[in-house]
Amino acid sequence: MIDDQHPVPTGFTASSTADDVLRGVDLTGRDVVVTGGHGRLGREVTRSLAAAGASVVVAARDTERAAAAVAGIHGVEVQQLDLTEPTSIDAFARRWVMSGRPLHALVNNAALLFTAERLVDARGNERAFSTSHLGHFQLTRALLPALRRAHGARVLTVTSGAARIGQIHWDDLAFARRYDAGAAYAQSKRANVLFTVELDRRHAEDGIRAFAAHPGVVIGPGPHAPDRIAAYREQGLVDEHGETVVDPDNGKKTVEQGAATLVLGAASPLLDGLGGVYLKDGDVARIDDEVRPLTADSIPADASSAMLDPDDARRLWAVSEQLTG
């Protein structure tokens, strides 16, 4: 609810790490799914949740690559899931629901970043929207029986501060007429927040609470691809030597710091009783409706009223139902 969109406060800061957030939290007996839980940020979420005692399933398109990435992390298994393939989503959810296992937390982490050319899935949906939103929409709905079975579950969807500037292109969701990589990415991130708002409205009474979280800008320690260095330098993400700039108070974070807000939404008891809100810097974000430019020194990432709009959230849910069948 937009009335709850203000800091708790939790006591955590932009510099807090995932281990800081979960210190003293016992997740023994909790079952968690993390989509893309083997990639840089996803792997840290997986590792920290497992270290707190959770049994974590990493859902990944490439299971061999995922298994290699999480090898050695106790309490983790890998299962196949392609978020752009409806049959793969249904198969994953069917296996889980039929197993009888509850699902205490679903971390919708996988995403497709900027692509120079427009890509579409088998149903003709633009792939950033398909991966980040539609795939997770279908997966979450298919897993509702397992989430209800937990008698207190969380759905954490990873978004971005780009949701502030993202627009839902209602008349051309697939960017068939004119593709813009930045606009497509921002649309998918706005969709993540709107999905969270409506999911929580629909299912809070079932004991399922939903959160969207901005991890910060996390490019990792490097070395970085040579073709990205110039863009990273222009954005203030690397210094003149190509080294990663870490400045959490200005949104530039390490992997461990970026994962902190994600595990807060997925598992921290500090958010019990809340839902339908957007998180950043280890807490519920404040609302800031001022237009603020993105610069190398400033990365606006607070919540806005527009990205939490309940009417848009309901409309997107209805459209997503149609697009996913």
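A short tour of the structure in this document, coming up.

Conventions used here
- Residues numbered from 1 in each chain as written.
- Predicted model: local features only at pLDDT ≥ 70, side-chain atom pairs only at ≥ 80, totals over all residues.
- Heavy atoms only, no water.
- Helix = DSSP H or I, 4+ residues; strand = E, 2+ residues; numbered from the N terminus.
- Rg over C-alpha atoms; globule rule 2.2 N^0.38 Å.
- Buried < 20%, exposed > 50% of the residue type's maximum accessible area, 1.4 Å probe, protein only.
- Contact = heavy atoms within 4.5 Å.
- Areas by Shrake-Rupley, 256 points an atom, 1.4 Å probe, with all protein chains shown as cover.
- Pairing = 2+ DSSP bridges.
- Core = buried A, V, L, I, M, F, W, Y, C linked by side-chain atoms within 4.5 Å.

Brief notes about the overall build of the chain
Then, in step 1: Regarding its fold elements, the chain presents 10 helices and 8 strands.
Then, in step 2: Against the 2.2 N^0.38 benchmark of 20 Å for 325 residues, the chain shows a C-alpha radius of gyration of 18 Å, consistent with a compact globule.
Then, in step 3: Considered along the principal axes of its C-alpha atoms, the chain spans approximately 55 × 45 × 45 Å.
Then, in step 4: For the chain, with 325 residues in total, the buried portion stands at 54%.
Then, in step 5: Long-range contacts, defined here as pairs at least 24 residues apart, represent 70% of the contacts in the chain between residues at least 6 apart.
Then, in step 6: Split by element, the accessible area of the chain, about 14,100 Å² in all, is 49% carbon and sulfur.

Looking at the sheet that holds strand 6 (residues 208-214)
Then, in step 1: If you walk across this open sheet you meet the 8 strands as 3-2-1-4-5-6-7-8, and the pairing is mixed. This sheet does not close on itself; its edge strands, each paired only once, are strand 3 (76-80) and strand 8 (283-284).
Then, in step 2: Looking at chain direction, strand 5 (residues 153-158) and strand 6 are connected through 6 bridges and run parallel. When the bridges of strand 6 are listed, alanine 153 appears paired with isoleucine 208.

Describing unusual backbone geometry
Then, in step 1: Across the junction of valine 8 and proline 9, the peptide omega takes the value -5°, indicating a cis bond.
Then, in step 2: Tracing the chain through its elements places proline 9 in the segment before helix 1 (18-22).
Then, in step 3: Positive phi values are uncommon outside glycine, yet phenylalanine 175 reaches one of about 55°.
Then, in step 4: Position of phenylalanine 175 relative to the elements: it lies in the loop between strand 5 and helix 7 (181-203).
Then, in step 5: Accessibility expressed as a relative area gives 3% for phenylalanine 175, which makes it buried.
Then, in step 6: In the Ramachandran plot, aspartate 281 falls in the positive-phi region, its phi being about 50° despite a non-glycine side chain.
Then, in step 7: On the secondary structure map, aspartate 281 appears in the loop between strand 7 (277-280) and strand 8.

Focus on the nonpolar core
Then, in step 1: Core analysis: the biggest nonpolar cluster contains 40 residues, and Val32, Val45, Leu49, Leu156 and Leu279 have the highest contact counts within it.
Then, in step 2: Setting aside anything within four residues of it in sequence, one finds valine 45 in contact with Val34, Val107, Ala259, Leu262 and Val263.
Then, in step 3: The next biggest cluster of nonpolar side chains, apart from the first, holds 26 residues, and it includes Ile89, Phe137, Ala153 and Val155.

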